[in-house]
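Residue strings, one per chain:
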Amino acid sequence: MRERFWERYPLEELSDEEWEALCDGCGQCCLLKIEDEDSGDVAVLNVACELLDIASCRCGDYENRFARVPDCTQLTAARVDDFRWLPHSCAYRRLHEGRKLAGWHPLISGDPARVHRKGISVASFAVSQKDVPEEAFEDHIIAILPIDG
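Quick look at the structure, then.

Criteria and cut-off values
- Residues numbered from 1 in each chain as written.
- Predicted model: local features only at pLDDT ≥ 70, side-chain atom pairs only at ≥ 80, totals over all residues.
- Heavy atoms only, no water.
- Salt bridge = Lys/Arg side-chain N within 4 Å of Asp/Glu carboxyl O.
- Buried < 20%, exposed > 50% of the residue type's maximum accessible area, 1.4 Å probe, protein only.
- Phe/Tyr/Trp six-rings, centres within 6.5 Å; stacked < 30°, edge-to-face > 60°.
- Helix = DSSP H or I, 4+ residues; strand = E, 2+ residues; numbered from the N terminus.
- Lys NZ or Arg CZ within 6 Å of the ring centre and 35° of its normal.
- Contact = heavy atoms within 4.5 Å.
- Pairing = 2+ DSSP bridges.

Concerning the pattern of salt bridges
Argument step 1. For the structure shown, the criterion picks out seven salt bridges.
Argument step 2. Salt-bridge contacts for E7 lead to R4; the nearest nitrogen and oxygen are separated by 2.6 Å.
Argument step 3. We classify E7 as partly exposed; its relative accessible area is 48%.
Argument step 4. For R4, a relative accessible area of 37% puts it in the partly exposed group.

Comments concerning the packing of aromatic side chains
Argument step 1. Within the structure shown, the criterion is met by three aromatic pairs.
Argument step 2. When the ring of F5 is compared with that of W6, the centres are 5.1 Å apart and the planes differ by 85°; the resulting orientation is edge-to-face.
Argument step 3. Consider the rings of W19 and Y92, whose centres lie 4.3 Å apart with planes at 35°: the pair is tilted. Taken together, the residues W19 in helix α2 (residues 16-21) and Y92 in helix α4 (residues 91-96) connect sequence positions 73 residues apart.
Argument step 4. Residue placement shows R2 over the ring face of Y9; its charged tip is 3.7 Å from the ring centre.

Section: the environment of E20
Argument step 1. Structurally, E20 is set in helix α2.
Argument step 2. The exposure class of E20 is partly exposed, given its relative accessible area of 36%.
Argument step 3. Excluding residues that lie within four positions of it along the chain, E20 makes contacts with Y62 and Y92.

Examining the pairing of strand β1 (residues 31-35)
When a strand is regular, its side chains alternate between the sheet's two faces.
Argument step 1. Relative to strand β2 (residues 42-48), β1 runs antiparallel, the two being bridged by four bridges. Counted as the bridge partner of L31 is A48 from β2.
Argument step 2. The antiparallel pairing of β1 with β2 creates a hairpin that spans six residues between the two strands, and G40 there sits at a positive phi of about 85°.

Topic: the environment of F5
Argument step 1. Along the chain, F5 falls in helix α1 (residues 5-8).
Argument step 2. It is 9.8 Å that separates the C-alpha atoms of F5 and L22, two residues lying 17 residues apart in sequence.
Argument step 3. Those residues in contact with F5 that sit more than four places away from it in its chain are L14, E18, A21, L22 and L107.

In structure tokens, the structure reads:
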């Protein structure tokens, strides 16, 4: 990877390896979401995708995730703006908005576990989709994000 690539190149110019390295391992993008069709608002659940290893906040089958979970969202540089539900802490969102990486980010701190110690990851509160029936999803809403047109 190129030295301090996140400061020197726009998201569109990153290699696949650099793009993947931006992921801070928080697991927040793997939380299930329900979009209100009328308002466009997004309800975020504390329910994580069935493939997420909640303790590590890493996908249990990253290579095959799209085949195994058809609703899995592929975040790309071209689509970052479409995912307005990304948390403000997300490296992809921060860089897209012209902000710097947070000091706790593994590329800055050199410590991939810091995201968990700082309470940014879902490791301390998420439950697996395997353990929650779909009819109970509304009981697991933890935030409503108003999404402007």
